[in-house]
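So the chains spell out like this:
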Amino acid sequence: DFDYWLGVAYLRDADYANAIFALERVIDKNPNHAGARMELIPAYLQQNMDSLAEHEIKQVEKLNPPPAAREALAQYRKIIDQRREGKKFETRVVMVGLDVGYDSNVSSYPATTLLLPVFNLPIPLAPSGSNFANARFAYWQKFPLNNGDWMSASVSALARRNQDEFAKQYDMDIVQVRGEYNAEFSAERSLRFAVEASQLWLDGESYRTHQGLAVRWQQGLDDKWSWYSEVGVRDFDFEESVNSYRAPWGMLGVRYRLNSGTVWEADLETEKELADAKRINGDTFRVRANVSFEHQLTQQHRFGLDFHVADVRHDRDYLAGTLYNKSRSDISRRDTVFEYGANWTWYATPTWHWALRGQSRHQTSNLDFYTYRQNLMQLSSTFFF
């Protein structure tokens, strides 16, 4: 009796390893202890010991369980079946998706009035909202190596179409490829090298390409805490070469896994845009902080929140009395960006997911031309095969 209640207490406290140890002692002394076997099943499942959980389900079924217990056993079997279905995605994933939604400010316009130089004519600007639809595709393949390391290759594509006539000039197509090599030093430590490249088309015309490489170190501190750091560089080449730049960047983050269904994550990243000498705002330095929260409400429903804030400084002054700077003195531009988001995911089946996301972005600037708000709502459906 002591071992049984000790195991139950450990299980309720999410200490699954100790719960298993105590409950197995109960069954060793009394193989017909149905309660201990029923408690062992979720403990095994939490530790991903699916074959042992399935064995316990069979043993409990032999003990003529009551209807409520049979319903619980059916749910446990469903979890195991879903996991087996999902295991085929451990080394290969093919995904297609469709998003529909509304973007309140497709062009990231401010709500202000511009004065044209020379003519001094007022031109009111207003954000342009539009319904939109995205089509998505991704393919990812993992190649395990004999020493426990692995390599991966992926390709993804997205096409966005806006409904509003003005917003159609912001219709977008993008294709990205990525390759990774992951060196596993232990279960807690790994080093990953990545290369990537992409092509972006805007309104059907080539707009920008990019190439990049990165190195990431990740290390677990205990069963709940882990940290990671990443550094890299990206080259962005625009059709209008004056906009091209190279961007070295770095990131430091921490992850806290409260239990198998609840995760907190926070990171701090910096980036320096080394621009063409003729770019209007010159070089740009960006510091961005990110915080996210994910919680598994039930086996089929997941909820998430995220918050981002960035400080962006541009090193070249905007001349006084120009389209961008209506003041009487030259100004070095500085922006602050706040973003909030919430998402809900419904795992209708292991291969078919629905998601709903709301997002708000507010950028303030010491130059009115770069101050704007943007809200987005999006419904997504994704199928994996």
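Residues numbered from 1 in each chain as written. Predicted model: local features only at pLDDT ≥ 70, side-chain atom pairs only at ≥ 80, totals over all residues. Heavy atoms only, no water.

**Q** Where do I start with the overall build of the chain in this structure?
**A** Scanning the chain from terminus to terminus reveals five helices and 16 strands. Relative to a compact globule of 385 residues, whose C-alpha radius of gyration would be 21 Å, the chain shows 27 Å and is clearly more extended. Projected onto its principal axes, the C-alpha coordinates of the chain cover approximately 95 × 40 × 35 Å. Scored against the burial criterion, the 385 residues of the chain give a buried share of 36%. Intrachain contacts of the chain at a sequence separation of at least 6 include 52% that bridge at least 24 residues. Looking at the chain as shown, the accessible area adds up to about 21,600 Å², and 57% of this sits on carbon and sulfur atoms. (Helix = DSSP H or I, 4+ residues; strand = E, 2+ residues; numbered from the N terminus. Rg over C-alpha atoms; globule rule 2.2 N^0.38 Å. Buried < 20%, exposed > 50% of the residue type's maximum accessible area, 1.4 Å probe, protein only. Contact = heavy atoms within 4.5 Å. Areas by Shrake-Rupley, 256 points an atom, 1.4 Å probe, with all protein chains shown as cover.)

**Q** What should I look at first to understand the packing of helix H2 (residues 16–29) against helix H3 (residues 34–46) in this one?
**A** When two helices pack together, you describe them by how their axes are tilted relative to each other and by the distance separating the axes. Axis separation between H2 and H3 bottoms out at 9 Å; the angle between their running directions is 150 degrees. Here H2 is positioned roughly antiparallel relative to H3, judged by the angle of their axes. Both H2 and H3 take part in a crossing whose hand is left-handed. Together, Tyr16, Ile20, Leu23, Glu24, Val26 and Ile27 of H2 and Ala36, Arg37, Glu39, Leu40, Ala43, Tyr44 and Gln46 of H3 make up the contact between the two elements. Of the residues in the contact of H2 with H3, the class split is nine nonpolar, one polar and three charged. (Axes fitted to C-alpha atoms, helices over the stretch in contact; angles between N-to-C directions. Parallel < 35°, antiparallel > 145°, perpendicular 65-115°, else oblique. Left-handed = near helix turned anticlockwise from the far one by under 90°. Nonpolar A, V, L, I, M, F, W, Y, C, P; charged D, E, K, R; others polar.)

**Q** How do you make sense of the pattern of salt bridges when you look at a structure like this?
**A** Should the charged atoms of two oppositely charged side chains come close, the side chains can pair. This structure, assessed with the given rule, holds 27 salt bridges. Across the pair Arg178 and Glu180 runs a salt bridge whose closest N-O atoms are separated by 2.9 Å. By relative accessible area, which is 25% here, Arg178 ends up partly exposed. For Arg288, the salt bridge is made with Glu339, and the minimal N-O distance between the two is 3.0 Å. Pair noted here: Arg288 is in strand E12 (residues 284–296) and Glu339 is in strand E14 (residues 331–349), with a separation of 51 residues, a long-range link. Accessibility expressed as a relative area gives 22% for Arg288, which makes it partly exposed. Classification of Glu339 by relative accessible area gives buried; the value is 11%. Taken together, the shared-partner salt bridges in this structure form one network comprising Arg178, Glu180, Arg192, Glu196, Arg234, Glu271, Glu273, Arg279 and Arg286. (Salt bridge = Lys/Arg side-chain N within 4 Å of Asp/Glu carboxyl O.)

**Q** Whenever I open this one, the packing of aromatic side chains confuses me. Can you help?
**A** Note on aromatic pairs: each is described by the distance of the centres and the angle between the planes. As enumerated under the stated definition, the model contains 14 aromatic pairs in all. Summarising the aromatic geometry, the rings of Phe383 and Phe385 are spaced 5.9 Å apart at their centres and angled 25 degrees between planes, so their arrangement reads as stacked. Following the ring pairs from residue to residue traces out a cluster consisting of Tyr207, Phe236, Phe238 and Tyr245. It is Arg216 that lies over the ring of Tyr228; its NZ or CZ is 4.3 Å from the centre. (Phe/Tyr/Trp six-rings, centres within 6.5 Å; stacked < 30°, edge-to-face > 60°. Lys NZ or Arg CZ within 6 Å of the ring centre and 35° of its normal.)

**Q** Even after reading the chapter, I still don't get the nonpolar core, so can you show me in this structure?
**A** It is characteristic of soluble globular proteins that their nonpolar side chains tend to be buried jointly. Core analysis: the largest hydrophobic core is formed by 24 residues, its most contacted members being Met38, Ile41, Leu45, Leu73 and Tyr76. Elements that contribute at least two residues to this core include exactly helix H1 (2–12), H2, H3, helix H4 (50–61) and helix H5 (67–86). Of the residues forming this core, the biggest block, seven residues, is contributed by H3. When neighbours within four sequence positions are excluded, Ile41 is seen to be in contact with Ala53, Glu56, Ile57, Val60, Leu73 and Tyr76. (Core = buried A, V, L, I, M, F, W, Y, C linked by side-chain atoms within 4.5 Å.)

**Q** Can you walk me through a nonpolar patch on the surface in this structure?
**A** Side chains of Val96, Phe137, Trp352, Phe383 and Phe385 sit close together on the surface and give an oily, nonpolar patch of about 430 Å² of accessible area. Along the chain, Phe137 falls in strand E4 (residues 130–144). (Patch = residues over 30% accessible without salt bridge, like charges linked within 9 Å, V, L, I, M, F, W, Y side chains within 5 Å.)

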